[in-house]
Structure formats: C-alpha cells, structure tokens
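# Examination of the molecular architecture
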Amino acid sequence: MWGGAKPRWIAYALGCELLAVVTTGAALAGGFGGPVRPGWFAVLVALGVAQAEMSRRIERLRRWMSGQTHINVTSVWYLAGVVLLPPAWVALLALVLYTHLWVRVWRQVRTRPAHRFVASTAWAMLSCFAASSVLAVLGLHGTPLQTPRGLFALCLAAAVFELVNVGLVAAGIYLYTSQRSAADLIGTWEDNAFELATLCLGGLAALALAEQPVLVVFVVAPLLLLHRYLLLKQQLQVAAVTDEKTGLLNTAGWHESATREHARAQRRGTAGGFAVLMIDLDHFKRINDTYGHLTGDDVLAAVAVAISGSVRQGDTVGRFGGEEFVVLLPAIGNADVLAIAERVRVAVGELNVVISTGSGTVRVSGLSVSIGVARHPDAGPTLDDVLRTADAALYRAKEAGRNRVAV
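Residues numbered from 1 in each chain as written. Predicted model: local features only at pLDDT ≥ 70, side-chain atom pairs only at ≥ 80, totals over all residues. Heavy atoms only, no water.

Moving on: the overall build of the protein. A count of helices and strands for the protein gives 15 helices and seven strands. For the C-alpha atoms alone, the extent of the protein along its principal axes is close to 80 × 55 × 35 Å. Across the 407 residues that make up the protein, the buried fraction comes to 49%. Look at the contacts in the protein between residues 6 or more apart in sequence, and 74% of them connect residues 24 or more apart. As presented, the protein carries roughly 18,800 Å² of accessible surface, and 62% of it is formed by carbon and sulfur atoms. In the protein, 35 side chains carry a positive charge and 29 a negative one; their mean positions are 6 Å apart. (Helix = DSSP H or I, 4+ residues; strand = E, 2+ residues; numbered from the N terminus. Buried < 20%, exposed > 50% of the residue type's maximum accessible area, 1.4 Å probe, protein only. Contact = heavy atoms within 4.5 Å. Areas by Shrake-Rupley, 256 points an atom, 1.4 Å probe, with all protein chains shown as cover. Lys, Arg positive; Asp, Glu negative; His and termini not counted. Charge placed at Lys NZ, Arg CZ, Asp CG, Glu CD.)

Take a look at the structure:
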C-alpha cells in the first residue's frame, strides 16, 4: 500500500491528511470565511477540468519524466479560488481538481502511486485553506481586485499559498528521500520562475472572473502554451543526459548524479560511503565484426537492461561510451558492493540475445563482462580518485583473463 515509504513519511502524510479533513470539515460546519459562493465554485471546477482535459496527454508525459518537484499548472485555479471562495470551499476545489487529475492522468503513471497522490492532495488543500484563511481573518475577501487593497490581497494570497505549499512539499520530499539540496527540495530557480508565472495567470483569472467573467477564456490559451513549454523543457533536459542507444544516462548525466552523491557522502562522513563499478563488455569488437554495428547496438541495449536489473532501485547506471558502463552505488558497504558486482557479471553471462534482421534471426550468447570496483572514501577523497581506482581495477580484471570482478 505504501510502496516502501519510510515510517516517518507515512506519519507526516497521515498527519497532513487528517489536518486537511478536520480543518475543511470544521470550516464547512462553522461557515468560516464568509458566505458560500456555489456559482464561483462550479465555474472554477469547470475551468480546471476543461484545462486538464485539453492538456491530459502533456501532463501524463510530464509526470513520466518528472523528478521529485513538479510544477502543477492547476495552481491557476487554486489562486483564483483563494480570492473568490471561503477557505473550506477552495480546499474542496483542490480536492475535486486533484481527484480528476488522478482519475484521468496520474493513476496511469507508475511514478505517481496512490499514497503520494493522497498526500499531495492534502498539501494542496492545506495551502489553499491557509491562503484563503489569511484573507478571511484580515477582512480582505470581497475586496474589489482593481483597487490597491485588492491588489494587496491578491499578492498576499499568492505569497501565503506558495510559502505553505513549498514548505509542505519540501518536508515531504525530505522525509521520503532524505535529499537535502535546495534543488531537490524546492526546485531550481527556473522551476520557481515557472510557478510564479502560473500564479500570475491565476491572479489574472481571479480579476477576470470578478470583473468580467467572459475574459477568463484568454487565460486558458497561455496556460496551455506554458504547459506545453514545460514538457518541451523536460524533454530537452532528459535528452541532454540520456544515451540514445541504451536509454541509460550518458557520461555527463551520470557524472552529474555522481557529483551530487559525492557531496552527500561528504556531509554524511565515513558512514556515507558510496561505490563505483566500471564495467567493460568483453570482446565486443568481435560482435561488431561478425554481426555488424546494428546488432552490436542491440547487444549493448540488452546488456544495459541486464545491468539495470541486477542493481538496486536507487543505484545509477550510465554508459561511458563504446562498450563501457558505470554504476553508482550510494551508501553501501564493501561486502554488498562485491555481491552486486558478481550479480551483474552473472546476469550478463546468462544473456541470450535474439535479434531479427532482414536476412533472418541472429542469436548472440556467451557474453561476459569485466568489472572494476572502488569505494569512497577507501579509494580516495574525490570522485575522480574513485573513478581512477575503479578503472585501474577494471584493467586488472581484463589482464587476469576477463569475465571477473577485481577490487
């Protein structure tokens, strides 16, 4: 049910979910925040659902490619709801729009399990409730938005919503992954700039709905364009760090991940060692010479799958070029490193690659790999030290007859 989530994250998520239910229910029962406006609620639900349906394919692709932080363009309708609706009703708006996204988009994405969806929904509800409550307490609900006081109310609502949402999400990411860098927890400056653009559109939507509702249609087009641009940005970022033949990280992408892990290991001290496997496919030139380079590419892809299936879920596999692969193993001891390296060697040896060509079927078997192992900090204090040591160990494995692991 919890997909391997840590107990501390589960406790945090359940606490947030309970708080969202209790605060929303209590506000509904007590009429907190002013009179109910079912018309505005229905309009915002309709707009949010329509926008989500028009960009459903884009959102699904973004979720497949997303990391921990994710810019949710439905913030447009949340901010408009914060200004136009009482706290409980804007929390219900977040619940309805998140549920629609789950049914139509997110439940088909393996990186978006149900327990994370429920927690994210609670965080959105609490962010909306907090921002609307601040306006209600200060008596700013119903202030004409074209006045200076109305503009202040709009900016205050956006600031409270963003701060509460960032805080809740960052705490959730930290408890789920133990990541500590600012980019991992709250996103990059560019991510936050896009979030600001989304909130600006939300302010325009609120102003249009309050003063001239028909003008809100002019918010939808730039919102859809922004959503598509976010997808293209992610696609370019992924393409820049992905090896096209194997789907693994390329040299630049793997080195970036390894650099981040090295920084985390430095903070953890001696208890936070990581290891590197340098893997070379033995006699790969024979495969290219015998079957051709296209078959060789298929063999590389099969080896990449075998390596990825032999390591742990949190390990990072990359291709360094040619027939050489590299694996980053965070927070691991010497005995476990050797066990994983041996598992990789055996998995590649058991491969039986069947490839259909224009002239028939090619079957490639009898593959083997040589593996060099090095572990930080034993191999040296820097990442380059670890890589050089692993490469030297790989050379020793090949010199000793190939198809073996060397330390």
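For the rest of this paragraph, the subject is a nonpolar patch on the surface. Residues V214, L215, V217 and F218 make up a contiguous nonpolar surface patch of roughly 410 Å² in combined accessible area. The exposure class assigned to V214 is exposed, which follows from its relative accessible area of 55%. (Patch = residues over 30% accessible without salt bridge, like charges linked within 9 Å, V, L, I, M, F, W, Y side chains within 5 Å. Salt bridge = Lys/Arg side-chain N within 4 Å of Asp/Glu carboxyl O.)

Below, the discussion takes up the packing of aromatic side chains. This structure, assessed with the given rule, holds seven aromatic pairs. Look at F41 and W89: their rings are 5.1 Å apart centre to centre, the planes differ by 80°, and that puts the pair in the edge-to-face class. Remark: W89 occurs in helix 5 (residues 87–104) and F41 occurs in helix 2 (residues 38–54); sequence separation between them is 48 residues. Overall, F41 belongs to the buried group, its relative accessible area being 15%. Aromatic pair Y78 and F161: ring centres 6.3 Å apart, planes at 50°, arrangement tilted. Residue Y78 is located in helix 4 (residues 75–84), and its partner F161 is located in helix 7 (residues 148–177); the two are separated by 83 residues in the primary sequence. With relative accessibility at 2%, the residue F161 sits in the buried group. One aromatic cluster is present, formed by Y78, Y98 and F161 through successive ring pairs. (Phe/Tyr/Trp six-rings, centres within 6.5 Å; stacked < 30°, edge-to-face > 60°.)

UniProt's feature table lists "transmembrane region" (unreviewed entry) at residues 9–32, 76–97, 117–139, 151–176 and 196–226, given in the numbering used throughout. Its end C-alpha atoms 33 Å apart, residues 117–139 is made of 91% helix and 0% strand. The straight-line gap between the two end C-alpha atoms of residues 196–226 is 12 Å; of that span, 84% is helix and 0% is strand. (UniProt positions renumbered as here; feature names shortened; annotations may be inferred.)

On to the pairing of strand 1 (residues 275–281). Looking along a regular strand, one sees the side chains alternate between the two faces of the sheet. Burial analysis of strand 1 places seven of its seven residues in the buried class, the great majority of the element. With burial as the criterion, each face of strand 1 is covered, one bearing A275, L277, I279 and L281 and the other bearing V276, M278 and D280. Note: strand 1 against strand 3 (residues 324–329), six bridges, orientation antiparallel. Counterpart to L277 in the pairing with strand 3 is V327. Sheet topology note: the strand 1/strand 6 (residues 369–375) ladder contains seven bridges and is antiparallel. Residue pairing in the sheet places V276 in a bridge with A374 of strand 6. (Pairing = 2+ DSSP bridges.)

Quick look at the nonpolar core now. Membership of the largest hydrophobic core comes to 68 residues, with the highest contact counts inside it found for W77, Y78 and L93. Of all the secondary structure elements, the ones that give two or more residues to this core are helix 1 (7–30), helix 2, helix 4, helix 5, helix 6 (114–137), helix 7, helix 9 (189–211) and helix 10 (217–240). At 11 residues, helix 6 tops the list of elements feeding residues into this core. Among residues more than four places away in sequence, those in contact with L93 are F41, L44, V45, W77, Y78, G81 and L85. (Core = buried A, V, L, I, M, F, W, Y, C linked by side-chain atoms within 4.5 Å.)

Attention shifts here to the domain arrangement of the protein. Each domain of the protein was delimited in the assignment, giving domain 1 (7–240) and domain 2 (251–405). Computed over C-alpha atoms, the centres of domain 1 and domain 2 are 42 Å apart. (Domains from an automatic or database assignment.)

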